[in-house]
Number of protein chains: 2
Amino acid sequence: MNEQSNLSRREREIMDIIYKFKEATAAQVHEHLPEPPSYSAVRALLKVLEEKGHIMHRQEGPRYIFLPTTPPEEAMNKALKHVMRTFFDNSTEKVVAALLDITEETLSDDDYIRLTQLIERARQEGR
Amino acid sequence: MNEQSNLSRREREIMDIIYKFKEATAAQVHEHLPEPPSYSAVRALLKVLEEKGHIMHRQEGPRYIFLPTTPPEEAMNKALKHVMRTFFDNSTEKVVAALLDITEETLSDDDYIRLTQLIERARQEGR
DNA sequence: CAGGTTGTGCTAAATTTTTAGCATTATTTT
DNA sequence: AAAATAATGCTAAAAATTTAGCACAACCTG
């Protein structure tokens with residue numbers, strides 16, 4: 001018997017793809033899966049994920065379109081919190097520092113301004 | 001044959017614990033594992049992880065102390081990038097916004113100041 | 001409207017993960 | 001130095017995951 005939000009490796013990979021694309025067909029999932037197994041295998045996994053309640057589908061023409069049951073925001077927050085806890089000691093500052101480090105090259109002046117504004121706004125709301 | 005940075009569920013959980021504590025004994029890993037299996041099982045997994053090259057150990061008195069082979073910074077960046085790609089469309093701004101949203105209550109005025117400084121400093125370095 | 005394409009449903013088998021138990025070795029205590 | 005304690009090594013079995021293949025249905029194409 002299985003339960004809980006414990007996902008296997010493949011299941012995790014599939015969920016990631018679905019979250020990334022917001023929703024996806026079996027073909028799309030298959031296409032983006034690293035070291036992809038057969039199409040059949042992907043479909044079987046999608047079925048398992050649906051049975052476990054992690055995704056649902058709607059039919060559109062001939063095919064199924066799968067989307068997560070837990071809303072993106074929630075999954076997002078959970079993922080972020082997990083990384084924060086595991087690697088950053090729950091420190092917002094450390095995460096932001098690492099983030100800036102990673103993306104330094106691609107940020108424009110405007111981007112920096114918007115970031116500063118974000119923080120200022122949060123500060124005002126957070127009281 | 002297996003290879004690559006593909007980790008099973010348990011393996012992932014164990015790596016997270018080791019990263020969180022920087023290094024850990026089998027007993028510590030066991031202690032912090034959610035829905036922990038037997039001590040033996042944990043040790044077997046540690047061995048597998050070592051064989052796969054994800055962790056190494058040094059001996060200290062009677063016991064092994066395990067630590068990751070890839071340095072924390074690298075793993076950190078990788079994890080953060082992954083979350084960014086999967087949930088945040090690779091947008092620094094979106095991540096920071098979510099981050100502030102999550103931690104709003106626990107941030108002091110000083111924290112906000114330091115965050116702003118971080119960004120300002122990154123801006124100056126990034127040119 | 002017949003043929004081809006592109007889907008899904010289902011089932012069974014291979015592989016990997018996950019587990020426990022016992023034997024052995026090292027350390028500490030008395 | 002003997003006993004007790006706390007580790008690890010190893011092996012084999014149980015459970016879960018991952019996979020492929022065939023059958024059938026819906027849609028498109030000429």
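Now for a look at the structure at hand. (Residues numbered from 1 in each chain as written. Chains lettered and ligands numbered in written order. Predicted model: local features only at pLDDT ≥ 70, side-chain atom pairs only at ≥ 80, totals over all residues. Heavy atoms only, no water.)

Digging into helix α3 (residues 39–51) of chain A
Residues and elements named next belong to chain A. Compared with the 18 Å implied by 1.5 Å per residue over 13 residues, the 19 Å span of α3 between its first and last C-alpha is a close match. Along α3, the positions that sit buried rather than exposed are Val42, Leu45, Leu46 and Leu49. For α3, the angular spread of the buried residues around the axis is 105 degrees, confining them to a single face. Opposite the buried face of α3, by more than 90 degrees, sit the exposed residues Lys47 and Glu51. Buried residues in α3 make contact with α1 (9–21), α2 (26–32), β1 (55–60) and β2 (63–68). One or two steps after α3, the chain reaches Gly53, where phi turns positive at roughly 90 degrees. (Helix = DSSP H or I, 4+ residues; strand = E, 2+ residues; numbered from the N terminus. Expected span 1.5 Å × (residues − 1). Buried < 20%, exposed > 50% of the residue type's maximum accessible area, 1.4 Å probe, protein only. Arc of directions from axis to C-beta. Contact = heavy atoms within 4.5 Å.)

Concerning helix α5 (residues 92–103) of chain B
Helix length check: α5(B), at 12 residues, gives a terminal C-alpha distance of 17 Å against a target of 16 Å (1.5 Å per residue), a fit within 8%. Considered for burial, the residues of α5(B) that qualify are B:Thr92, B:Val95, B:Val96, B:Ala98, B:Leu99, B:Leu100, B:Ile102 and B:Thr103. Tucked inside the fold, the buried residues of α5(B) contact α4 (72–87), α5 (92–103) and α6 (109–125) of chain A together with α4 (72–87) and α6 (109–125) of chain B.

Thoughts on the interface of chain B and chain A
Often, the extent of an interface is quoted as the loss of accessible area on bringing the components together. Of the residues lining the interface, 46 residues belong to chain B; the matching set on chain A comes to 47 residues. Taken over both partners, the interface formed by chain B and chain A buries close to 4,900 Å², and the fraction arising from carbon and sulfur atoms is 70%. Of the charged contacts in the structure, one is a salt bridge between A:Asp109 and B:Arg123, with a shortest N-O distance of 3.6 Å. In this assembly, chain B and chain A are joined by 7 residue pairs in polar contact (both at pLDDT 80 or more). If you list the elements that add at least two residues to the side of chain B that touches chain A, you get α1 (9–21), α4, α5 and α6 of chain B. Residue contributions to the side of chain B that touches chain A peak at 12 residues, all from α4(B). Across the side of chain B that touches chain A, the residue classes break down as 23 nonpolar, 9 polar and 14 charged. (Buried area = accessible area lost by both parts, 1.4 Å probe. Salt bridge = Lys/Arg side-chain N within 4 Å of Asp/Glu carboxyl O. Polar contact = N/O pair within 3.5 Å; in protein donor to acceptor, adjacent residues only side chain to side chain. Nonpolar A, V, L, I, M, F, W, Y, C, P; charged D, E, K, R; others polar.)

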